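Structure at a glance
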Amino acid sequence: MPLSSTAGYGEAAAALVEQYESVSFDEVHRDVLHLFPQRPSSVLDIGAGSGRDAAALARLGHRVVAVEPTAELRSRGQRIHAGQDVEWVDDALPDLRVLRARDRRHDLILMTAVWMHLDLQERAAAMGQVAGLLAADGRVVLSLRHGPVPAGRRMFDVPVQETVALAAGHGLGAVHVSEREDPHGRQGVRWSYLGFRRGTAVS
């Protein structure tokens, strides 16, 4: 039976939360911090994990919705960051049924270490759903992992250009593409960081 996109995360939730929280928001997102809104805005963090990013964004004054389909991660994140004004939602890519039913638009949609868990068909469907949740001048920021796949997980080595083309098909132009080493120092792991916004790409 094929693995699901969230396979392995519930069982390893305790260790994963410790790992996620060991690196700061600023360090993880250092390449793309200039794309984040400066004024208080509506932020959607899809695949929020431990809530590290959602909590950091809430502390900056943003209205944050944290989407996490893995119950074990979601409950730990709610507990760890209970002091932050973050709204937690049980929903998942590619369909995002709960969010679509709300029909709200967001100034920033963040997908950290999420996109590579989706297969090609799921990625094609998900990009349309994400674009539909974006405000008129909103931005999408996502990261892609490249390298060995941990045992018991489902990941794909997603090409950057595929993601850029897929976003363009939904009116999202690339405004940032970069690559860097793994923030956790794992052997053979690298990350691509991509930023998109509606309309024409900016160099």
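In case you missed it, the structure is sitting above this.
Described in the following lines is the structure provided in the data block. Treat the numbers as computed from the prediction; the structure is a model and nothing was measured.

1. Section: the nonpolar core
By size, the foremost hydrophobic cluster in this structure holds 56 residues, and its most contacted members are Leu93, Ile109, Met111, Trp115 and Phe196. Top contributing element to this core by residue count: strand β5 (residues 134-146), with five residues. Those residues within four positions of Leu93 in sequence are excluded, and the remaining contacts are Ile46, Met111, Val114, Trp115, Leu118, Ala126 and Val130.

2. Focus: helix α6 (residues 120-132)
With 13 residues, α6 extends 19 Å between its outermost C-alpha atoms, agreeing within 8% with the 18 Å of an ideal straight helix rising 1.5 Å per residue. Of the residues making up α6, those classed as buried are Arg123, Ala126, Met127, Val130 and Ala131. In an axial view of α6, the angular spread of the buried residues amounts to 130°, which keeps them on one side of the axis. The opening residue of α6 is Asp119, an N-cap whose side-chain oxygen sits 3.2 Å from the backbone nitrogen of Gln121.

3. Focus: the packing of aromatic side chains
Following the criterion strictly, the structure yields one aromatic pair and no others. Considering the side-chain rings of Phe25 and Phe36, the 5.6 Å spacing of their centres and the 80° angle between planes classify their relative orientation as edge-to-face. Linking Phe25 in helix α2 (residues 25-28) with Phe36 in the loop between α2 and β1 (42-46), this pair joins segments that are 11 residues apart in sequence. Of the two residues, Phe25 and Phe36, neither departs from the other in class, the shared state being buried.

4. Quick word on the pattern of salt bridges
According to the stated counting rule, one finds 16 salt bridges in the structure shown. The residue Arg30 makes a salt bridge to Glu181 at a minimum N-O spacing of 2.9 Å. Of this pair, Arg30 sits in the loop between α2 and β1 while Glu181 sits in strand β6 (residues 172-181); the two residues are 151 residues apart in sequence, bridging distant segments of the chain. When its relative accessible area of 40% is taken as the criterion, Arg30 is described as partly exposed. According to the relative accessible area criterion, Glu181 is partly exposed, its value standing at 36%. Taking the shortest distance from any N to any O, the salt bridge between Glu122 and Arg154 comes out at 2.6 Å. Note that Glu122 is positioned in helix α6 and Arg154 in the loop between β5 and α7 (160-168), a separation of 32 residues in sequence. Beyond isolated ion pairs, a larger network of salt bridges with shared partners links Glu27, Arg30, Asp31, Arg180 and Glu181.

5. With respect to the pairing of β1
Looking along a regular strand, one sees side chains alternate from face to face of the sheet. A large share of β1 lies buried, amounting to five of its five residues. Where β1 lies against strand β2 (residues 63-67), five bridges are found, and the strand directions are parallel. Note that in β2 the partner of Val43 across the bridge is Val64. The handedness of the β1 to β2 crossover, carried by helix α3 (residues 52-59), is right-handed. Where β1 meets strand β4 (residues 106-111), three bridges bridge the pair, whose relative direction is parallel. The partner of Leu44 across the bridge, within β4, is Ile109.

Definitions and cut-offs
Residues numbered from 1 in each chain as written. Predicted model: local features only at pLDDT ≥ 70, side-chain atom pairs only at ≥ 80, totals over all residues. Heavy atoms only, no water. Core = buried A, V, L, I, M, F, W, Y, C linked by side-chain atoms within 4.5 Å. Buried < 20%, exposed > 50% of the residue type's maximum accessible area, 1.4 Å probe, protein only. Helix = DSSP H or I, 4+ residues; strand = E, 2+ residues; numbered from the N terminus. Contact = heavy atoms within 4.5 Å. Expected span 1.5 Å × (residues − 1). Arc of directions from axis to C-beta. Polar contact = N/O pair within 3.5 Å; in protein donor to acceptor, adjacent residues only side chain to side chain. Phe/Tyr/Trp six-rings, centres within 6.5 Å; stacked < 30°, edge-to-face > 60°. Salt bridge = Lys/Arg side-chain N within 4 Å of Asp/Glu carboxyl O. Pairing = 2+ DSSP bridges. Right-handed = clockwise from strand over helix to strand, strands pointing away.

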